[in-house]
Amino acid sequence: MERAVDLLELRFEPHGTRGLRLFAAAVWQAVTLADTVPGNDATGAGGAYVVSRRDDGTEVVRVDVAHDEIGATRAHLEQQLAELTVEELGAAWSPQLDDRGGPQ
């Protein structure tokens, strides 16, 4: 079984950040690991965790998180990346549809 962690990467995108500011935030995040510790999100706005394929950058999962959910959500996603296949991870995070075809 090929684990998701072998094929996918996880990154954090702060809300309200685009272009050069997004790049600068990503560099700062990589250096300080600020997104892994609750309370270290300087903007207080939260953001989104994005799981994408290493080979072509295709987005597999996007999870919006509030400021106080950043650390716990990252830990949960890292655990699932280590334990699940790509297909299982995608299924775990896809919206569940009700009997009318809408999200529950």
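Here goes a summary of the coordinates provided. (Residues numbered from 1 in each chain as written. Predicted model: local features only at pLDDT ≥ 70, side-chain atom pairs only at ≥ 80, totals over all residues. Heavy atoms only, no water.)

## Looking at the pattern of salt bridges
In total, this model carries five salt bridges according to the counting rule given. With a closest N to O distance of 3.0 Å, Glu13 and Arg11 form a salt bridge. Given the relative accessible area of 12%, Glu13 is considered buried. A salt bridge links Arg74 to Glu78; the nearest nitrogen and oxygen atoms lie 3.0 Å apart. Here the residue Arg74 and the residue Glu78 both occupy positions in helix H2 (residues 70–83), the gap between them amounting to four residues, near one helical turn. Looking at Glu78, the relative accessible area reads 39%, which means it is partly exposed. (Salt bridge = Lys/Arg side-chain N within 4 Å of Asp/Glu carboxyl O. Buried < 20%, exposed > 50% of the residue type's maximum accessible area, 1.4 Å probe, protein only. Helix = DSSP H or I, 4+ residues; strand = E, 2+ residues; numbered from the N terminus.)

## Focus: the packing of H2 against helix H3 (residues 86–93)
Put simply, H2 and H3 touch, their axes get as near as 8 Å, and they point 145° apart. You can see that H2 and H3 cross each other, and the crossing is right-handed. Contact residues: His76, Leu77, Gln80, Leu81 and Glu83 in H2; Glu88, Leu89, Ala92 and Trp93 in H3. Of the residues belonging to the contact of H2 with H3, the class tally is five nonpolar, two polar and two charged. (Axes fitted to C-alpha atoms, helices over the stretch in contact; angles between N-to-C directions. Left-handed = near helix turned anticlockwise from the far one by under 90°. Contact = heavy atoms within 4.5 Å. Nonpolar A, V, L, I, M, F, W, Y, C, P; charged D, E, K, R; others polar.)

## Some words on H2
Helix length check: H2 (14 residues) gives 20 Å between terminal C-alpha atoms against 20 Å at 1.5 Å per residue, within 8%. Of the residues making up H2, those classed as buried are Ile70, Gly71, Thr73, Arg74, Leu77, Gln80 and Leu81. (Expected span 1.5 Å × (residues − 1).)

## So, the packing of aromatic side chains
Summed over the entire model, instances satisfying the criterion amount to one aromatic pair. Where Phe12 meets Tyr49, the ring centres are 5.0 Å apart and the plane angle is 55°; that geometry is what we call tilted. Taken as a pair, Phe12 in strand S1 (residues 8–14) and Tyr49 in strand S2 (residues 47–53) lie far apart in primary sequence, 37 residues in all. (Phe/Tyr/Trp six-rings, centres within 6.5 Å; stacked < 30°, edge-to-face > 60°.)

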